[in-house]
Amino acid sequence: MEKANTDKESFSNFWKEEISDSFFFQIHRIKRAIFRRTNALMAEAGITLQLEQLPLLMILNYKSLSQRELSDKTMRDKSSILRSITALEKKNLVEVVKDKTDKRKNIVSLTSDGVAMAKNIRSLMKRAEEEVMSVFSPKERIEALNAVKSYADKLEML
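Here is what the cut-offs are and how they apply
Residues numbered from 1 in each chain as written. Predicted model: local features only at pLDDT ≥ 70, side-chain atom pairs only at ≥ 80, totals over all residues. Heavy atoms only, no water. Core = buried A, V, L, I, M, F, W, Y, C linked by side-chain atoms within 4.5 Å. Buried < 20%, exposed > 50% of the residue type's maximum accessible area, 1.4 Å probe, protein only. Helix = DSSP H or I, 4+ residues; strand = E, 2+ residues; numbered from the N terminus. Contact = heavy atoms within 4.5 Å. Pairing = 2+ DSSP bridges. Expected span 1.5 Å × (residues − 1). Axes fitted to C-alpha atoms, helices over the stretch in contact; angles between N-to-C directions. Parallel < 35°, antiparallel > 145°, perpendicular 65-115°, else oblique. Left-handed = near helix turned anticlockwise from the far one by under 90°. Nonpolar A, V, L, I, M, F, W, Y, C, P; charged D, E, K, R; others polar.

1. A few points about the nonpolar core
Among soluble globular proteins, nonpolar side chains are generally buried collectively.
Thought 1: Ranked by size, the top nonpolar core spans 22 residues in total, and within it L49, L57 and L70 carry the most contacts.
Thought 2: Per-element tally for this core: the top contributor is helix α3 (residues 54-60), with five residues.
Thought 3: The contact partners of L57, leaving out residues within four places of it in the chain, are L49, L88, L93, L110, M117, A118 and I121.

Set out below in structure tokens:
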């Protein structure tokens with residue numbers, strides 16, 4: 001019985017000192033809260049996409065890109081990008097065509113359905129962010145955004 005209490009206490013200390021007080025864990029909690037709300041809104045709207053497909057729609061909404069460029073921009077491997085593109089293609093949200101100047105490249109573009117979906121998702125993401133951020137005062141929102149943006153800018157320079 002004493003060992004069980006010691007194990008429980010050790011785990012509790014580990015959780016507090018190593019996990020729950022870590023910067024990474026707190027960032028993960030924020031991300032999870034935003035994604036949870038976004039997923040709920042998407043489900044209510046009948047949107048059935050995988051989370052890893054969303055950045056592709058958002059990026060392609062601004063510019064058609066090659067599969068390699070999508071891989072670079074999203075920092076995902078080419079096979080993962082290909083799986084997402086194939087799934088989006090089956091849903092008629094993207095189309096893939098050979099590059100006119102370099103036949104080795106495939107250019108990915110949104111279809112008209114994809115453009116409409118990207119616009120709808122962007123609207124839902126804004127709504128989710130507003131709902132999640134509503135727990136903060138306007139001053140706290142500005143401070144949080146400035147702090148997180150500053151952290152991200154500095155970390156990208158590593």
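2. Here we look at the sheet that holds strand β2 (residues 94-98)
Thought 1: Taken in spatial order, the three strands of this open sheet run β1-β3-β2, and their pairing is antiparallel. The open sheet has two free edges, formed respectively by β1 (65-66) and β2, since each of these has just one partner strand.
Thought 2: In the sheet, β1 pairs with strand β3 (residues 106-110) via two bridges, with the strands oriented antiparallel. Across the sheet, the residue bridging to L65 is V108, located in β3.

3. Here we look at helix α5 (residues 78-90)
Thought 1: Between its terminal C-alpha atoms α5 stretches 18 Å, which fits the 18 Å expected from 13 residues at 1.5 Å a residue.
Thought 2: The secondary structure elements touched by the buried residues of α5 are α3, α4 (67-74), β2 and β3.
Thought 3: Immediately beyond the C-terminal end of α5, within one or two residues, lies N92, with a positive phi of roughly 60 degrees.

4. Observations concerning the packing of helix α2 (residues 23-44) against helix α6 (residues 112-133)
Thought 1: Where α2 contacts α6, the two axes come as close as 9 Å, and the packing angle between them is 130 degrees. When the axes of α2 and α6 are compared, the pair comes out oblique. The two elements α2 and α6 meet at a crossing, and its hand is right-handed. On α6, the residues touching A33, I34, R37, T38, L41, M42 and E44 of α2 are L124, M125, R127, A128, E131 and V132.
Thought 2: Here the contact of α2 with α6 is composed, by residue class, of eight nonpolar, one polar and four charged.

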